[in-house]
Amino acid sequence: MSNLSQILADSNWGQESARINQNFQNLNADLEKVKSATTKFKGYFTSETGLKSKYPSPKEGDTAWVGEPYPGTVYDVQTDGQWHNTGKAPDTGSVELQDYAKKAELTELEKKVGGVGYVTCDTAAEIAAKVVTVTGLTALSTAIRLLVKMTNNNTANNATLNINSLGEKTLYYNNLSVSKENSWESEEVLDIYYDGTNFYANNVQGGKGEGGNKIVEWDTNAATTRKSVKSIDRKVGMQISYIHPYDGWINEQYIGKDVDDENWVLDKNWQRMSTDKDLALLKDEIPKEHVDVEEDGFYLIDKNGNIGFGITPDGTVLGGGGGSSIDLVKVDEFND
């Protein structure tokens with residue numbers, strides 16, 4: 001704002017009238033600046049082309065700042081429809097732009113996140129090279145983040161992810177390379193990010209195996225079936241159930257101390273949970289000469305007549321009398 005002259009109270013009118021008139025002129029000039037800034041000033045443009053594209057038909061009195069570096073030079077309109085470069089720098093205060101993002105930086109950010117969001121991967125379970133399409137993504141860079149719904153589970157080892165055909169990159173799930181044993185279930189939603197070299201994924205939604213105990217599918221033998229439980233889900237005391245091709249439903253509980261692959265599959269670390277059907281079948285199938293039926297249940301007797309373990313009607317296993325003990329699970333060994 002222009003400086004205003006002080007009007008002295010002890011002066012005469014003739015001396016102070018000039019100061020008063022000058023003050024009015026200064027105020028008018030400031031008002032014109034305000035008017036120009038609010039109605040006539042069209043803003044700042046990095047180039048004349050940008051200015052003319054935005055305002056192709058300017059009116060007399062319009063102004064703008066044009067050119068780099070900021071603030072450029074003043075453009076005005078002396079004749080309607082024609083922008084004129086005055087060649088003068090704008091009369092403006094300085095603005096510190098060091099902490100502001102440049103246009104190039106914003107463009108780079110747009111490339112990183114443009115179009116990234118919720119997508120679906122339909123690659124078959126047995127195919128290791130997983131593929132997704134993301135609208136607007138033209139280059140891989142750090143900070144890429146996707147929510148990907150996996151239509152199918154995965155049964156392939158060393159799986160990779162390829163976005164928009166930009167190149168296959170190793171895919172990790174829960175910080176381990178994706179494999180048949182370490183993978184997602186069908187319909188899971190994964191949170192995936194790119195670290196500049198590989199893709200890393202974690203489950204954020206879905207999956208039929210969530211929770212403590214699990215129902216798993218029989219796969220060749222008991223060891224392989226147990227191993228289908230993902231490492232991240234294993235815990236001491238876990239119960240699993242599966243349908244054996246000959247014995248029907250099997251329910252067993254993990255009683256081991258370590259849940260690594262080596263210990264997880266061992267028979268000695270699993271305790272089968274007997275059912276009434278199991279006990280009935282056991283009693284019916286053991287040859288009579290090896291069974292001593294009592295009122296409170298029945299006992300197994302080895303070939304020498306020694307009583308082994310006993311079973312009460314409620315399924316409680318009792319210690320036998322003298323002689324050798326018999327493992328109920330291995331009863332076939334003495335059924336000859």
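Structure shown above.
Residues numbered from 1 in each chain as written. Predicted model: local features only at pLDDT ≥ 70, side-chain atom pairs only at ≥ 80, totals over all residues. Heavy atoms only, no water.

Caption draft 1: Geometry of the nonpolar core. Core analysis: the biggest nonpolar cluster contains 21 residues, and V148 and I163 have the highest contact counts within it. Counting residues per element, the ones that place at least two in this core are strand 5 (118-121), strand 7 (145-150), strand 8 (160-163), strand 9 (168-173), strand 11 (189-194) and strand 12 (199-205). V216, A222, M238 and Y254 belong to the second largest nonpolar core, which has ten residues in total. (Core = buried A, V, L, I, M, F, W, Y, C linked by side-chain atoms within 4.5 Å. Buried < 20%, exposed > 50% of the residue type's maximum accessible area, 1.4 Å probe, protein only. Helix = DSSP H or I, 4+ residues; strand = E, 2+ residues; numbered from the N terminus.)

Caption draft 2: Representation of the sheet that holds strand 13 (residues 214-215) in the model. The strand order across the open sheet formed by four strands is 13-14-15-16, and the pairing between neighbours is mixed. Edge positions in the sheet fall to strand 13 and strand 16 (270-272), since each has one partner strand and no second. Note: strand 13 against strand 14 (residues 239-244), two bridges, orientation parallel. Residue pairing for strand 14: K214 is matched across the bridge by I240. (Pairing = 2+ DSSP bridges.)

Caption draft 3: Quick peek at the pairing of strand 11. Most of strand 11 is tucked away: five of the six residues are buried. Bridge count between strand 7 and strand 11: five bridges; the pairing is antiparallel. In the strand pairing of strand 11, L146 is matched with I192. In this sheet, strand 12 lies alongside strand 11 in antiparallel orientation, the contact comprising six bridges. Pairing of I192 across the sheet is with A201, part of strand 12. The turn linking strand 11 back onto strand 12 is made up of four residues, and G196 within it adopts a positive phi angle of 100°.

Just geometry here; none of it tells us what the structure is for.
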